[in-house]
Amino acid sequence: MMKQHRFPWAGRLLLLSIPIVVGASILTISAQFRSAPEKREVSEVAQPLRVITAKELPIVPKAIGLGESRPKRTWQAVCEVKGRIVEVHPRLKAGSTIAEDELLVRIDDTDINLVISRLKAEIARAEANLAELKTNETNYRELLRLEEESLEVADAEMERMRQLTRSNASSAAELDSVRRSLITQKQLVQSAKNKLNLLPAQVESAQAALRVAEANLAERQRDLERCEIRAPFPCRLGNVSLESGQFISVGEKLFSA
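Q: Whenever I open this one, the overall build of the protein confuses me. Can you help?
A: When helices and strands are tallied, the protein shows three helices and eight strands. Ordered by position from N to C terminus, the α and β elements of the protein give α-β-β-β-β-α-α-β-β-β-β. By the burial criterion, 21% of the 257 residues in the protein qualify as buried. Here the analysis covers contacts within the protein between residues at least 6 apart in sequence; of these, 77% occur between residues at least 24 apart. For the protein, the accessible area works out to roughly 20600 Å², and carbon and sulfur atoms hold 55% of it.

This is how it looks when you write it as structure tokens:
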């Protein structure tokens, strides 16, 4: 009869533990002799980015509602100068939106520029006339001074001839000759005084002509500005009844905004 083992599971446990102990020992020894892992520096990687160019597009504002719509401001374009239209805004038509100070209509300004050139010439002539009158005043005053000195000499000569005539040292004919010379000199003095007396009126007339020419020039220059019709504020155009090349008159209604 065979003997039975009292602890049969002990042998099996021993057989299982031996490989575990051996494997743990190998891992411990290999971990001690294994080198550290190599470090790698990570660099940035550029990724392509898709882009789309945004285009600027005109947007027409719209409003939808019920009731009566009224503009905050209205403007009626009226022609202030006569002439032919030489330029029209490409969007000058009903419904178009216009920015402030945009040029809408240009009228031919050739005739106005010709008038301006003529008025500038008149102003230059009036200014030259005034300068000449001031020079004449200086000359007339000097002439009067000389004529008055000559008159004093003629007076003295007349008195001397009278004394000579009374003493029979001179003839009556000689006395008459000196008297005529004295009268002539008095006339020259009076002529010089008359010229001086007329100068203020001549200066005032020249100044008035200069003021009139300057006023006309200012008016024509304003007309030159009126040849350009610009939007006074941001607006939307209403009815438009004009075209390039059309001749328009003062007071003619062109369009509303």
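Read on, since the account is not over.
Q: What is the right way to read unusual backbone geometry from this model?
A: Where the residue is not glycine, phi is negative for most of them; where a peptide bond is considered, it is trans in most cases. Residues other than glycine seldom take positive phi values, yet Asp101 does so here, at roughly 70°. Residue classification places Asp101 among the partly exposed positions, given a relative accessible area of 47%.

Q: What is the right way to look at the sheet that holds strand β5 (residues 228-230) in this model?
A: Working definition: the strands of a sheet are paired by backbone hydrogen bonds and lie parallel or antiparallel to each other. With antiparallel pairing, four strands are arranged side by side in an open sheet as β5-β4-β2-β7. Two strands bound the open sheet, and with one partner strand each, they are β5 and β7 (247-248). Bridge count between strand β2 (residues 83-88) and strand β4 (residues 103-107): three bridges; the pairing is antiparallel. In the strand pairing of β4, Glu87 is matched with Arg106.

Q: Quick question: what am I supposed to make of the packing of aromatic side chains here?
A: Geometry of an aromatic ring pair is reported as the spacing of the ring centres plus the angle between the planes. Throughout the structure, instances matching the rule amount to one aromatic pair. Ring centres of Trp75 and Phe255 lie 5.6 Å apart, and the angle between their planes is 85°; on these two criteria the pair is classed as edge-to-face. Linking Trp75 in the loop between α1 (8-33) and β1 (76-78) with Phe255 in strand β8 (residues 253-256), this pair joins segments that are 180 residues apart in sequence. The buried category is assigned to Trp75, whose relative accessible area is 19%.

Rules used throughout
Residues numbered from 1 in each chain as written. Predicted model: local features only at pLDDT ≥ 70, side-chain atom pairs only at ≥ 80, totals over all residues. Heavy atoms only, no water. Helix = DSSP H or I, 4+ residues; strand = E, 2+ residues; numbered from the N terminus. Buried < 20%, exposed > 50% of the residue type's maximum accessible area, 1.4 Å probe, protein only. Contact = heavy atoms within 4.5 Å. Areas by Shrake-Rupley, 256 points an atom, 1.4 Å probe, with all protein chains shown as cover. Pairing = 2+ DSSP bridges. Phe/Tyr/Trp six-rings, centres within 6.5 Å; stacked < 30°, edge-to-face > 60°.

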